Amino acid sequence: MKKLLYFFWIFSFALFSSQERDSVSLISEVVIDAYQKPTRFIASTKSAAIAQGNILKLNAPDRLLESLNFLPGTRMEERSPGSYRLAIRGSALRSPYGVRNVKVYLDEFIFSDATGNTYLNLLDPSLINKIELYKGPEGGDFGAVTGGTVLLKTSDSERKTLEMNAGSDGLFRYGAHYTRDFGQHSLQIFHSFHTADSYREQSALQRMNFFLKDKIIYKKDHELNLMFLFSDLKYETPGGLTEAQMNDNRRQARPAAGVFPGASEQQAGIYNQTFMGGISHRFPLSESWSHFMVFQNTITSIKNPFITNFEKRKEENYAFRTHLNYEKILKNMLLQTRIGFEGGMNTTQIENFDNNKGVQGNLQNADKIFARSGFIFLSQKAEIGNRLFIDAAISLNGMEYQWKVPDAADGAVQFNNQWLPDFGITYLLSESFSIRGKIGKGNSAPVLEEFRSSTQEINTFLKPEYGWNKELGFRKQLGTSFYLEASFFDFRLKDAIVRRQNVAGQEFFVNSGSTAQQGIEITAETKKFKINSSLLNEIRFWASAAFYDFTFEEYRKNDEDYSGNKITGVPASTIQNLLSLKLANIMNVHFSHFYTSSFYLNDANSVASEPSLIGNLVVEYPLKLNNSIMNFKVQMNNIYNTKYVLGYDINAFGGRFYNPAPTRSFTAGMTIDF
């Protein structure tokens, strides 16, 4: 309880200390891209959140977890290094691993595959310069998801950077980032390598990234972008523990149980090699009309030795997006219209073999699955008198699977096409105070790993989930020093997809009826203030929180009725804060806290997690050498040495819910900007 008082003490201190302002922007003054529909944050109709600057500095060198968790309504989990989940307003209900029901873009390119799965763990965090996150359905412009949409932006300014990190549990990482303009070209090259033994047994990680992007402005307002990404990711999976096993030895991997061997014995892990390449083109057609298109191809090869089998997958994805834009400026009015199409095709060859202690054995099963998804959309944006902002959109979404199974008839299933409307309105009561309302429908079809799960069965009875989201909110800037935002949402989900697990630890998925998801999300921040002191020179404060009431409205499992139970895996409250200081006119200190309340680990609500409060500390010491800046960085994660879990296996068979997180850990590094 004493640690929670830190949140309120720092909040008061940041507000009422006597300080002098500087020119660093508040969130309300930031311009968000919203996929080529830029607008001031305070005037946006969307339920948006932004991570940049000091928020991105919160991350450990190998992940985006801390900065994403700082955004209210967002929860990123790490079952083990490299094994991530991302939930926006509870959407990890159906994700035992990976990112599902969240659409992800990397710059203008589509990072999610045609089935809705995203390998977010392929990316090195240092590649990302800004994160724009849109919570809830955005069916008009971004298609069929009920969770949300994430836009990852890479750097577009000139830089020459070398970086190196080392830390606890064998962590070592280096990276190089080069961006420079050459006449009509803006060339960006990024390379990194990261390895770690990690905290638990059977949880080592190794990742290599190479990213290349060439922006060519070959004529005024004519822009061509070429992009290539290669990622080689290898990480071991230690598996979940029972509470007794965790209390006995937090570092152990899942031990053998009965006829099933342990994770170390089977050398459980994921080996993912992905190549992604694409081209985008933006050009005007007339004074009012312009056109944009992007085409890309992604090839992924995965090997996954598991407790019960050795799975190999070869995936190939093609994606295409195009839209026409119309813009007209009238007296006291701006009109923007967009009509377009986005679609993808996925072909996956899946083979399952016996796992002979990490060695591929006899063939168990082999399936070939084809998926096609896409949507056509129409959106209209209007700005009236610099006071009233309206976004209205609608899309028609479709998806189908086809499969070929040995010794069985070919099959196909096409989900019903869904019209997804979206409407948002914002009114500026003053230049620094806006109120907004939003309503939209979302739809999310099963991803490949749900349609054909680790049980090796094709689930033809699984249906898309869908629902309506309604929300109200306000954004208020007090003077030029303080910003406050709050929003309330009410989301009603039908045919919710949830995870089950059998005795072998294999997962499968079912539609669980309906849910009621209501919540309040809050963000507060101050500008950077200067202080007349030789020791403490600058101070800045951020805070965010989410308070949820998520329940199953209608949910029966066999003979059990879980209607009225709390939704599994969703904490009722999360609170985050960050204090950034400048000391002795040179040293930067970032002190952050992440509080997560207790939540239920199974649908019966019979097992709950422990609440946790995690503190992190980052200290930076920049040193200028001629024309270069050398920035030394020391980071301490989990400064209170809390024993907690950062990624539970919900609804796990045999009580294997627990994936213990590291206790106190350290990293030290150096970045050189030339």
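Please read these numbers as outputs of a predicted model, since none were measured by experiment.

Bringing empty space enclosed by the protein into the picture now. Within the structure shown, the criterion is met by 12 cavities of 30 Å³ or more. Within this model, the largest cavity holds a volume of roughly 620 Å³. In terms of lining, the largest cavity is formed by 43 residues, of which the most central are Asp 113, Ala 114, Thr 115, Gly 116 and Ser 373. Here the lining of the largest cavity takes 4 residues from strand E20 (residues 310-330), the largest share from any one element. Here the residues of the lining of the largest cavity sort into 18 nonpolar, 21 polar and 4 charged. Its volume calculated, the second largest cavity comes out at about 510 Å³. Looking at the second largest cavity, it is lined by 30 residues, and the ones nearest its centre are Arg 79, Tyr 97, Asn 304, Phe 306 and Glu 507. Among the elements of the structure, E20, helix H5 (448-451) and strand E28 (497-501) are those that each provide at least two residues to the lining of the second largest cavity. Each residue belonging to the lining of the second largest cavity can be placed in one class, and the counts come to 10 nonpolar, 10 polar and 10 charged.

Bringing the layout of surface pockets into the picture now. Approximately 940 Å³ is the volume attributed to the largest pocket. Lining the largest pocket we find 34 residues, and of these Lys 57, Arg 159, Glu 163, Glu 620 and Thr 671 sit closest to its centre. Together, 36 residues line the second largest pocket, and Gln 52, Gly 53, Asn 54, Arg 540 and Trp 542 are the ones closest to its centre. Among the secondary structure elements, those contributing two or more residues to the lining of the second largest pocket are strand E4 (48-51), strand E27 (482-494), strand E30 (514-526), strand E32 (536-554), strand E35 (573-583) and strand E36 (587-596). If one sorts the elements of the lining of the second largest pocket by residue count, E32 sits on top with 6 residues. In terms of residue class, the lining of the second largest pocket is built from 17 nonpolar, 10 polar and 9 charged.

Attention shifts here to the sheet that holds E4. Across the sheet, which stays open at both edges, the 5 strands sit in the order E4-E11-E12-E8-E9 with mixed pairing between neighbours. Whereas interior strands pair on both sides, the edge strands pair on one side only; in this sheet they are E4 and strand E9 (109-110). Across 2 bridges, the pairing between strand E8 (residues 102-106) and E9 is antiparallel. Across the sheet, residue Leu 106 finds its bridge partner in E9, namely Phe 109.

Here Ser 432 shows up in the loop between strand E24 (411-430) and strand E25 (433-444). Along the primary structure Ser 432 and Ser 28 are separated by 404 residues, whereas in three dimensions their C-alpha atoms are 8.1 Å apart.

Our next topic: the pairing of strand E16 (residues 205-219). Sheet faces and side chains relate simply in a regular strand, where the side chains alternate between the two faces. Relative to E16, strand E15 (residues 185-196) runs antiparallel, the two sharing 12 bridges. Each residue of the ladder has a partner; that of Gln 188, found in E16, is Lys 213. Hairpin connection between E16 and strand E17 (residues 222-236): a loop of 2 residues separates the two successive antiparallel strands, and Asp 221 in this loop has a positive phi of roughly 65°.

All told, the structure shown has 26 aromatic pairs when counted by the stated rule. Taking the centre distance of 6.3 Å and the plane angle of 25° together, the rings of Phe 295 and Tyr 318 count as stacked. In this pair, Phe 295 is assigned in strand E19 (residues 289-305) and Tyr 318 in strand E20, connecting sequence segments 23 residues apart. On the basis of relative accessible area, Phe 295 is assigned to the partly exposed category, the value being 39%. Classification of Tyr 318 by relative accessible area gives partly exposed; the value is 33%. Seen from their ring centres, Phe 489 and Tyr 548 are 5.6 Å apart, and the 80° between their planes marks the pair as edge-to-face. With Phe 489 in strand E27 and Tyr 548 in strand E32, this pair connects stretches of sequence that are 59 residues apart.

This next bit is on the pattern of salt bridges. Summed over the entire model, instances satisfying the criterion amount to 42 salt bridges. Across the salt bridge formed by Glu 342 and Lys 103, the nearest N and O atoms sit 2.5 Å from each other. Of this pair, Glu 342 sits in strand E21 (residues 333-356) while Lys 103 sits in strand E8, and the two are 239 residues apart along the sequence. Judged on exposure class, the residue Glu 342 and its partner Lys 103 are both buried. A salt bridge links Glu 342 to Arg 321; the nearest nitrogen and oxygen atoms lie 2.5 Å apart. Placement of Glu 342 in strand E21 and of Arg 321 in strand E20 is noted, with a sequence separation of 21 residues between them. The network of salt bridges with common partners includes Glu 311, Arg 313, Glu 315, Asp 367, Glu 449 and Arg 452.

With that out of the way, let us pick up the nonpolar core. Grouped together as the largest cluster of nonpolar side chains are 65 residues, with contacts concentrated most on Leu 123, Ile 131, Val 150 and Leu 152. Apart from residues lying up to four places away in sequence, Val 150 is in contact with Leu 86, Ile 88, Val 102, Lys 103, Val 104, Tyr 105, Ile 131, Glu 132 and Leu 133. Counting residues in hydrophobic clusters, the runner-up holds 14 residues, among them Leu 93, Phe 491, Phe 552 and Tyr 562.

Bringing unusual backbone geometry into the picture now. Positioned with a positive phi, Tyr 35 is a non-glycine residue whose angle comes to about 55°. Locating Tyr 35 in the fold gives a position in the loop between strand E2 (31-32) and strand E3 (39-40). Exposure remark for Tyr 35: the relative accessible area of 2% places this residue in the buried category.

This next bit is on the side chain of Thr 300. Its place among the elements puts Thr 300 in strand E19. We classify Thr 300 as buried; its relative accessible area is 4%. Setting aside residues no more than four positions away along its own chain, Thr 300 makes contact with Tyr 119, Asn 272, Gln 273, Thr 274, Arg 313, Lys 314 and Glu 315.

The rules behind each value
- In this numbering scheme, every chain counts its residues from 1 along its sequence in written order.
- Only residues with pLDDT of at least 70 get local features here, since the model is predicted, and only at 80 or more are side-chain atom pairs given and counted; chain-wide, interface and lining totals rely on the full set of residues.
- Side-chain numbers come from the whole structure's heavy atoms, not from hydrogens or water.
- Throughout, the protein atoms alone are placed on a 1 Å grid, and a set of points is a cavity if a 1.4 Å probe fits but cannot get out or a pocket if it is open with protein on both sides within 12 Å along at least five of seven lines; lining residues have an atom within 4 Å of a point.
- Grid points are joined across faces, edges and corners, and a volume is the space filled by probe spheres set on the points.
- Put simply, DSSP marks the helices as runs of H or I at least four residues long and the strands as runs of E at least two long, and each gets a number from the N terminus on.
- Residue type decides the class: Asp, Glu, Lys and Arg count as charged, Ala, Val, Leu, Ile, Met, Phe, Trp, Tyr, Cys and Pro as nonpolar, and the leftover types, Gly among them, as polar.
- Any two strands with at least two DSSP-identified bridges between them are counted as paired.
- Working definition: a ring pair exists when centres of Phe, Tyr or Trp rings (six-membered ring for Trp) sit within 6.5 Å. Plane angles under 30 degrees give stacked, over 60 give edge-to-face, the rest tilted.
- A 1.4 Å probe rolled over the protein chains alone gives each residue an accessible area, and that area as a share of the maximum for its type sets the label: buried under 20%, exposed over 50%, partly exposed in between.
- Between Lys or Arg on one side and Asp or Glu on the other, a salt bridge is scored when a side-chain nitrogen of the former is within 4 Å of a carboxyl oxygen of the latter.
- To form a nonpolar core, buried Ala, Val, Leu, Ile, Met, Phe, Trp, Tyr and Cys residues must be joined to one another through side-chain atoms within 4.5 Å.
- Residue contacts are counted whenever heavy atoms from the two residues lie within 4.5 Å of one another.

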